[in-house]
Structures are given as structure tokens and as C-alpha cells.
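Spelled out from the first residue to the last, the chains are:
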Amino acid sequence: MRTVKTATPALARAINDRLALDLLLEHGPLTAPQLRTLTGLSRPTVSDLIERLMAGGLVEVTGESGEARRGPNARLYGLVADRAHVAGVDVRRDAVNVTVADITGRVVSEASTTIGARADLATLIAKVVGGAVGRRALDTVVVGAPGLVDPRDGELVSPNDVPGWRRGTMGSVRERLGVPVVLENEVNLAAIAELRTGAAAGSEDFVLLWLDDGVGAAVVLEGRLRRGASGGAGEIGFLEVGGVAFCELLNAEFIRRFDRTELARRIAQGAFAFATLLDPGLVVLGGTTGHEGGDELAELVADHLRALAPAPTEVRASTVTGNAVLQGAVLTALDLARDRVFG
């Protein structure tokens, strides 16, 4: 007979605590009876976990529920928002942009600066992040940058896309900030934003085609970002179409000169490669071109793709407002920080 192992009391407490914290993230402040209803846990168990979370500095009383109600059952318990903060960083070819959020995901600060010709990039990134964070407790930083990220050391494989970026730049940033710093390809981060809050919300399989000052893609399958063995998944700019690199087919000069029908035809050629190999069911058009083209461009691309691809593939324009790379960086940093802080 196979022996079935059950959770230890310590593990059960940890699971219950994380369940309660996630519910507070989702719903905001809750009363003890509301926590009992949502978790299905007993009154003594909920009482104990609230006491533990308050003692650990994770939860605090934020008010009372209902004007007529008083007493312990009316108390609203919420997360201690400033327990930890994260920073999302978007490193462009000419600028560094930073967004800082508390553990609940509320944006508390933003900053940006241009990259000078002779800038020490590691010092510049650390300075902008430090200035945006101020005296707040910083837990995790996620940086988005163009190029392949080496999974072995978390550095850019070909750092030439950003002035001043050298092998070891991320290591220098980590030393200066003194907290975990994760580097991710910027299109991958934009895909996280689309998955969680944008056009791909509710879709576990999709490809984001990034059409901006650079051309690239990100692949999400079964709800997970796929980077590839060497970090190169989605580098569609290198794909040759009719003997011409895909990134050259969609360079800025072409986009200015040609009409939307021709633009859609060329985009569809890139989308066709993903539709044939991966059958993602959904292609999201992101970057400046995807946003500006909107639903009209998406429909034109879908028409061309329908004539090419054997599998039905929906095409949508990005619906993430603002900087998708920064938003994806903050969301990724929050996932890491919450695992570390909440357990």
C-alpha cells in the first residue's frame, strides 16, 4: 500500500497564510468573517493566521466595515503596502525609464533620464532607480532591454543595441543597488503585460509581434513565457522573407512610405511563421506600429494571414496603455517580491 504524505502543521500554516495574502491582494481589505468565507477555513484558523500576519508586519487593521458594526468582526485587515517596493526599468537606446510600485502594485514613483554618449550605464541605471525609490524599502528590480539575455549569467549576449552597455553591466547594477536585479528581453516583458492586463488576457497561448524601432516577438504557451535554450525565442527580425530580413521589411522608412495594405501584408508574413510552427491561435500586434494601427491594421493582417496559414489565428492590436515594457517589468518584479516577502 502506498503511503500518503500529509502537510506538516508548519506547511499548512504557510499555505493558509499565502492564500489569505493573495485574497487581500485581489479583493483589498477584508474582515475576518469575509476571510473565513473566501478561504473555507475555521474561525480559530483565520484568527491565528491574522495574528501571525500582523506580527510579521504583513497585515494591519485599516478600518471597520459598516457604520453600525463594531468589534473584532468589523475590523478590516489589509496588506502593509510599504513593507516592500519593486522597480521596473525600461532601458531604451536613448533613455532609462523607471516605475516604482509598492507590494500591492500601486505605482508610487516614476523617473526617467536620457543616456549620454559617454554615460556609465550601470551607474546611470542605479542612480535613476535609487532616486525614484528614495527612502522606501526596495526588494526587487526587473530591467527590460533589447537583445538576447544569456540564461547563464543574466547579461545581454549582444549589448550593442544600447549605448554604453558592456558585458557585466547588470552585475555592476546589482552591486550598486544591493538587491536582486533581473534582466529580461523587453519584448518578453511587454508580452507579460499583454497576458495579464492587455489584449491576451484570458489566452494561454499567443505570440506578441513587437513593431517599434526594433522588430521582435515573444512567445507565450500554456500561460508561460518561452525564452528558448539560449534566450533567443522570438527573434523573428532575423527571419528572411524573400531573401530580406524581416526587420528590414518593416523598418521605419518603409512604414512611412507605404500604405496599410502593404504593411499588413508584410506583418502577416512574419505572423505566418509563428502560426505554422506554433499554432498559437492569437497574434498580438504591439509596439508603436501595433498601437497606432489599432483594430484596422489587426483586421487587415488577419485577412492576409487567413490566406496563408493552415490554422485559424486571431489577430488583435495591443490594448496595454502606456509603456508595456515597464508594466511587464513591474508585474514580473511583483511576482518575485511577493514570493520572497509572503513566502
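Here's what I pulled together on the structure shown here. Worth saying up front: this structure is predicted, and the values here are computed from it rather than measured. (Residues numbered from 1 in each chain as written. Predicted model: local features only at pLDDT ≥ 70, side-chain atom pairs only at ≥ 80, totals over all residues. Heavy atoms only, no water.)

Digging into the pairing of strand E5 (residues 107–114)
When a strand is regular, its side chains alternate between the sheet's two faces.
Okay, so step 1: The pairing of strand E4 (residues 95–102) with E5 spans 7 bridges and is antiparallel. Among the inter-strand pairings, Asn97 is bridged to a residue of E5, identified as Ser112. (Pairing = 2+ DSSP bridges. Helix = DSSP H or I, 4+ residues; strand = E, 2+ residues; numbered from the N terminus.)

Some remarks on the sheet that holds strand E7 (residues 181–185)
Okay, so step 1: Pairing is mixed in the open sheet, where 5 strands are placed in the order E5-E4-E3-E6-E7. Looking along the sheet, the strands with just one partner apiece sit at the ends: E5 and E7. Taken pair by pair, the neighbouring strands of this sheet meet at an average axis angle of 15°, ignoring direction.
Okay, so step 2: With 6 bridges joining them, strand E3 (residues 85–91) and strand E6 (residues 138–145) adopt parallel strand pairing. Bridge pairing links Asp90 to Gly144 in E6.
Okay, so step 3: Of the strands in this sheet, E6 and E7 are in contact with helix H6 (residues 186–197), which crosses E7 at around 90°. (Axes fitted to C-alpha atoms, helices over the stretch in contact; angles between N-to-C directions. Contact = heavy atoms within 4.5 Å.)

Quick look at the side chain of Ser203
Okay, so step 1: As for its placement among the helices and strands, Ser203 is situated in the loop between H6 and strand E8 (206–211).
Okay, so step 2: Of the residues examined, Ser203 reaches a relative accessible area of 15% and is grouped as buried.
Okay, so step 3: If we ignore the near neighbours within four places in the chain, the residues touching Ser203 are Leu195, Leu282 and Arg316. (Buried < 20%, exposed > 50% of the residue type's maximum accessible area, 1.4 Å probe, protein only.)

Observations regarding helix H5 (residues 169–177)
Okay, so step 1: Among all positions in H5, only Thr169, Met170, Val173 and Leu177 are buried. When H5 is viewed along its axis, its buried side chains cluster within an angular range of 95° and face the same direction.
Okay, so step 2: Those residues of H5 that are buried lie in contact with helix H4 (121–133), E6 and E7.
Okay, so step 3: Looking at the residues trailing H5, positive phi occurs at Gly178, about 75°. (Arc of directions from axis to C-beta.)

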